[in-house]
Amino acid sequence: MARPLMILIAGPYRSGTGDDPALMARNLARLEEAAWPVFRAGHVPMIGEWVALPVLRGSEPDGVHADEVLYPTAHRLLQHCDAVLRLPGESTGADEDVRIARERGIPVFHDVAEIPALS
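Residues numbered from 1 in each chain as written. Predicted model: local features only at pLDDT ≥ 70, side-chain atom pairs only at ≥ 80, totals over all residues. Heavy atoms only, no water.

A. Structural view of the pattern of salt bridges. Counting across every chain of the model gives 6 salt bridges. Salt-bridge contacts for D67 lead to R14; the nearest nitrogen and oxygen are separated by 2.5 Å. Of this pair, D67 sits in the loop between α3 (48-58) and α4 (70-77) while R14 sits in the loop between β1 (6-10) and α1 (21-33), and the two are 53 residues apart along the sequence. Judged by relative accessible area, D67 falls into the partly exposed class, the value being 31%. The shortest N-O distance in the salt bridge between R99 and E96 comes to 2.7 Å. Within this pair, R99 and its partner E96 are both found in helix α5 (residues 92-103), separated by 3 residues, close to a single helical turn. Residue classification places R99 among the partly exposed positions, given a relative accessible area of 40%. The partly exposed category is assigned to E96, whose relative accessible area is 26%. One salt-bridge network, held together by shared partners, links R14, D19 and D67. (Salt bridge = Lys/Arg side-chain N within 4 Å of Asp/Glu carboxyl O. Helix = DSSP H or I, 4+ residues; strand = E, 2+ residues; numbered from the N terminus. Buried < 20%, exposed > 50% of the residue type's maximum accessible area, 1.4 Å probe, protein only.)

Pasting the structure below:
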């Protein structure tokens, strides 16, 4: 492998939280825990919420719903990502990310240990 991959880390964010901010923050922290091992392997970790949440905050005056930003952001990011790391847990959005990745021929990993390290 000649260059670092941009790897979308996909897993539960809103699923099962009832939109409780504390539970969503806990889920985001869990997604972020995977960022360092991806980086340590020589790649660029990406989490859709890192992009979507500032966009969503900026859309508040327009009354935009989270689903109008969160899912489309991940779909747009997948046009730039080289792989997906699917973390465990029920998540409609992450399942959709995996579906799109497979449709586009983008590798899907289910464990950080599966990701090839750059030397």
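B. Region of the structure containing the environment of H110. Within the secondary structure layout, H110 lies in the segment after β4 (108-109). With 24 residues separating them in the primary sequence, H110 and R86 have C-alpha atoms 5.1 Å apart. Leaving out residues up to four positions away in the same chain, H110 has contacts with L85, R86 and R102. (Contact = heavy atoms within 4.5 Å.)

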